[in-house]
Amino acid sequence: MHNAGYEIKKLITNRLTIYIFAITFLINGFVISRKPSTIRTYYDNKSAYDEMYQYLGGDITEEKVSYVTEKYEELYAKSMSRTLSTEYDESLRTGYETTEYSLYSEMYKKYQYILNYSDNIKNIRSASEENSEFYDITGNKALKEYNQSILNTYNQRNIKDFRETKNWKYYLGYSFSNLCILITILCALKGIFSNERETNMSMMIVTCRYGKSRCFISKVVAGVVIAFGITAAFIIEDFVMFNITFGYKGITNPVYSIEEMQYCIYDVSILKYIIILNLFRMAGILGITSIVILASAIAQTNLVAIVLGVAGILPFIILNEKEIPFNIVRLLQINQDASTFNSIFVMDRPVIYINYCLVTGILMSVVIIILAYIVEVHCSTLTGRERV
């Protein structure tokens, strides 16, 4: 692996790679830091909300439920009769009854979601049990297994306490860093093979004892390590910047305590879900890296490698909203699939779509790397006449 270490050093000391990484890293941090100004509702009456959260956060008790319900119903009745005062009242947390009503409405809605969540899941399970029995009687094995999968996914769920999770909703929906990662990886790995031809070093490398297979393996290992390193840096930046901006509240709560994730296919805490999300992200990056490696193996120059890399990645981006097989870009942001039960039938058996994308994406990455090996090692010539 000594050669891989040399290749890694060669890639990370490239000035263009350093500049692009620094620029995209700073831009990504700036975009996250600007989130509070674009998500105004989070900071509406924030100090008053934080004060209320100190009392209402944590274990849900009858006392807390009664307090929120009574306050909400009192202000709701005033709102319906149009008797909410518009004058300043120092005894109120927000100073005004209108904003007080908005604050208690938000808190009441969150409490209602938590209190009703277990019943909603029971209703889903009840419907799936009925459907499973029906399809068992009619002999429809595929739809019976589909409903059995739903039963296995939504099993014994409940939310025991109230934690603020709005910050995590913004974090899980953030995807700009994926664009920064793609740009950085494309610029960092574009010349992993083509640069040797552009600098007329390929002839010397091919004539060396380990200039073919072992050199190829070293370069691929270096490329994957660099790509994963870049991705890890942005993952850490996203996590740290979002928590500096919004706070760490609720990270140990179930992921379905976030209302937008109520039908999430994973019964785990928010922290564990973030880990799962980023593992899928790494799998997607492996696919992107394999495309860039193949592009560099085909190209004669770095510029052509960039063009081919973009051409290889672009179709997956365009088709990202379609449920197509081998969709590696879909792995970069699994929220759209993990937030609800989304499955496809493979050989008449229901398979969670995002898990299907994971398996097919990894297989596709391996196939693309094998193609790059064939192009670079077995189809290369000393003159480079078979290059684009």
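Below is a summary of the structure that appears in this document. (Residues numbered from 1 in each chain as written. Predicted model: local features only at pLDDT ≥ 70, side-chain atom pairs only at ≥ 80, totals over all residues. Heavy atoms only, no water.)

**Here we look at the pattern of salt bridges**
So, point 1. Going through the model one piece at a time under the given rule, you end up with nine salt bridges.
So, point 2. Ionic pairing is found between Glu145 and Arg349, a salt bridge with its closest N-O pair at 3.5 Å. With a gap of 204 residues between them, Glu145 in helix α8 (residues 141-153) and Arg349 in strand β4 (residues 349-352) connect regions that are remote in the sequence.
So, point 3. Judged by its relative accessible area of 18%, Glu145 is buried.
So, point 4. Judged by its relative accessible area of 48%, Arg349 falls in the partly exposed class.
So, point 5. Within the structure, one salt-bridge network assembled from shared partners comprises Glu106, Lys110 and Glu164. (Salt bridge = Lys/Arg side-chain N within 4 Å of Asp/Glu carboxyl O. Helix = DSSP H or I, 4+ residues; strand = E, 2+ residues; numbered from the N terminus. Buried < 20%, exposed > 50% of the residue type's maximum accessible area, 1.4 Å probe, protein only.)

**Points about the packing of helix α10 (residues 176-189) against helix α13 (residues 213-246)**
So, point 1. Following both chains from N to C, one finds α10 and α13 inclined at 155 degrees, their axes separated by 10 Å at the closest point. One element, α10, and the other, α13, form an angle in the roughly antiparallel class. Where α10 crosses over α13, the handedness of that crossing is right-handed. Residue-level contacts link Ser177, Cys180, Ile181, Thr184, Ile185, Ala188 and Leu189 of α10 to Gly223, Ile226, Ala227, Ile230, Thr231, Phe234 and Asp238 of α13. (Axes fitted to C-alpha atoms, helices over the stretch in contact; angles between N-to-C directions. Parallel < 35°, antiparallel > 145°, perpendicular 65-115°, else oblique. Left-handed = near helix turned anticlockwise from the far one by under 90°. Contact = heavy atoms within 4.5 Å.)

**A few points about unusual backbone geometry**
A negative phi holds for most residues other than glycine; trans holds for most peptide bonds.
So, point 1. The phi dihedral of Arg82 is positive, around 55 degrees, even though this residue is not glycine.
So, point 2. For Arg82, the location among the structural elements is in the loop between α6 (62-80) and α7 (97-138).
So, point 3. Of note in this structure, Gln156 is not a glycine but carries a positive phi near 55 degrees.
So, point 4. Here Gln156 lies in the loop between α8 and β2 (161-162).
So, point 5. Note on Gln156: relative accessible area 65%, which makes it exposed.

Just distances and angles here, no functional claims.
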